[in-house]
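Residue-level structural notes
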Amino acid sequence: MSSQLALQQVSVSYGDFPAAVDVSFSLEKGQIGCLLGPSGCGKTTLLRAIAGFEQVTAGTITLNGETISRAGAQLPPERRRVGMVFQDFALFPHLSVQRNIGFGLDAMNREARAQRVREMLALVELEHYANAYPHELSGGQQQRVALARALAPNPEILLLDEPFSSLDSELREQLASEVRELLKRNGVTAILVTHDQNEAFAMADQIALMRQGQVVQLDTPYNLYHNPRSEFVAEFIGQGTIITVSVNASGALNNGLGILDVRDRPWQAGETLRLLVRPDDIEYDELSALSLPVVSKSFRGAHYLYELALPDGQKVPCLTPSHVAINPGESLPVRFNLQHVVVFDDSPSETTPIR
Ligand code: ATP
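The notes below deal with the structure included here. (Residues numbered from 1 in each chain as written. Predicted model: local features only at pLDDT ≥ 70, side-chain atom pairs only at ≥ 80, totals over all residues. Heavy atoms only, no water.)

**Side note on the overall build of the protein chain**
Scanning the protein chain from N- to C-terminus turns up eight helices and 19 strands. For the protein chain, the spread of C-alpha atoms along the principal axes amounts to about 75 × 45 × 35 Å. Sorting the 355 residues of the protein chain into buried and exposed places 48% on the buried side. Counting contacts in the protein chain only where the partners sit at least 6 residues apart, residues at least 24 apart contribute 63% of the total. Surface accessibility of the protein chain: about 17,000 Å² in total, with carbon and sulfur atoms responsible for 48%. Taking the 29 positively charged and 41 negatively charged side chains of the protein chain as two groups, their mean positions are separated by 7 Å. (Helix = DSSP H or I, 4+ residues; strand = E, 2+ residues; numbered from the N terminus. Buried < 20%, exposed > 50% of the residue type's maximum accessible area, 1.4 Å probe, protein only. Contact = heavy atoms within 4.5 Å. Areas by Shrake-Rupley, 256 points an atom, 1.4 Å probe, with all protein chains shown as cover. Lys, Arg positive; Asp, Glu negative; His and termini not counted. Charge placed at Lys NZ, Arg CZ, Asp CG, Glu CD.)

Below you can see the structure in the form of structure tokens.
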């Protein structure tokens, strides 16, 4: 199957500043991708390059088989068949919902346009709001109008630029799942830009995690969480702490936390390793001989998130059901689940996992 969207070694610079460097990824028709990463890593720059608002300085962008960007040659934005949904929705306040949705359909005759607007209203379930004005709608409803407007001209791809960030945090994840459902039902290919990993997880099939203009890992949400390929990814995605430990030849950790699986790599006695410890890697176990002092705890509804101190002073997170209530200063009996823990060798930053 050929890709609906393909970026091949794309770079974008502002003057001398390389905002996106050598980025490659592709999406099949109907797939939802996400550009995720900290502020300033180049997400919006790439989205704008796909939309045609920024020129690429190297590489190519192809949409449904057609090259739409390469150095020195760009198809103008209005000829790209790209739909966009912006952070603030950018609805026209003085136009009704149906006129907002019909705004980009000038090329159609009156009847075809009215028909398309009706289809879009049904798609986002806002049939009863056709004559309402944006200020009469909730944030979530406004967002659905913005989606309907972007989808009305039947774009080859939908670009979503932080589309949930102006909404309440509780609403965000729910809407992200609803929008995913809607796009999937209609086979829409889309790319989302966000710095919020929960949104990315709720929406995307594939996530490009970016840092300083480069994609550091292109993967499924599951793999980014469970198989991070660098400490940067491990620390950016999910909660967790990286601790330094040493092992003996059979993999027993120096701090009494347990024994690492040898698998195909025998440990060198005294070898120093770095372990990614997620809150769910440490389990509350009242029968455990190991008890760690509680440094702090925070209530998370169904759970408490504890911070525990290891004998050498390093701190690790631990999630327990919220009926396990132990106060700071007291100790929590725990067991380390080392089976799935990610192990990095001991170089300071861009390490690769060795297990
Ligand atoms: P955020 O999450 O904060 O929106 P981002 O990942 O979308 O960040 P970009 O907006 O793509 O990041 O910016 C990437 C880098 O390029 C930043 O260092 C930014 O300062 C720089 N930059 C963005 N737009 C311009 C511009 N028009 N001229 C010069 N530099 C720019």
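Picking up after the structure, the text goes on.
**Quick look at the pairing of strand β5 (residues 66-70)**
With four bridges connecting them, strand β4 (residues 58-63) and β5 associate as antiparallel partners. If you follow Thr60 over to β5, its bridge partner there is Arg70. The hairpin formed by β4 and β5 contains two residues between the paired strands, and Asn64 there has a positive phi angle of roughly 45 degrees. Direction of pairing for β5 relative to strand β6 (residues 73-74): antiparallel, over a ladder of two bridges. Paired with Ser69 across the two strands is Gln74, which belongs to β6. Taking the residues between adjacent antiparallel strands as the criterion, β5 and β6 are bridged by two residues, where Gly72 takes a positive phi near 85 degrees. (Pairing = 2+ DSSP bridges.)

**As for unusual backbone geometry**
Despite not being glycine, Glu125 shows a phi value in the positive range, around 55 degrees. Note that Glu125 resides in the loop between α3 (110-123) and α4 (139-151). Overall, Glu125 belongs to the exposed group, its relative accessible area being 56%. A positive phi angle, close to 45 degrees, is found at Glu162, a residue other than glycine. With respect to the helices and strands, the residue Glu162 is situated in the loop between β8 (157-161) and α5 (169-185).

**Considering the sheet that holds strand β11 (residues 214-219)**
Strand order across the open sheet formed by six strands is β7-β8-β9-β3-β10-β11, with mixed pairing between neighbours. Of all strands in the sheet, those with a lone pairing partner are β7 (82-85) and β11, marking the two edges. Here the average twist between neighbouring strands, direction ignored, is 20 degrees. Taken strand by strand, α5 contacts β3 (32-36), β8 and β9 (190-194), and its axis lies near 140 degrees from that of β3. (Axes fitted to C-alpha atoms, helices over the stretch in contact; angles between N-to-C directions.)

All quantities given are derived from atomic positions and should not be read as evidence of function.
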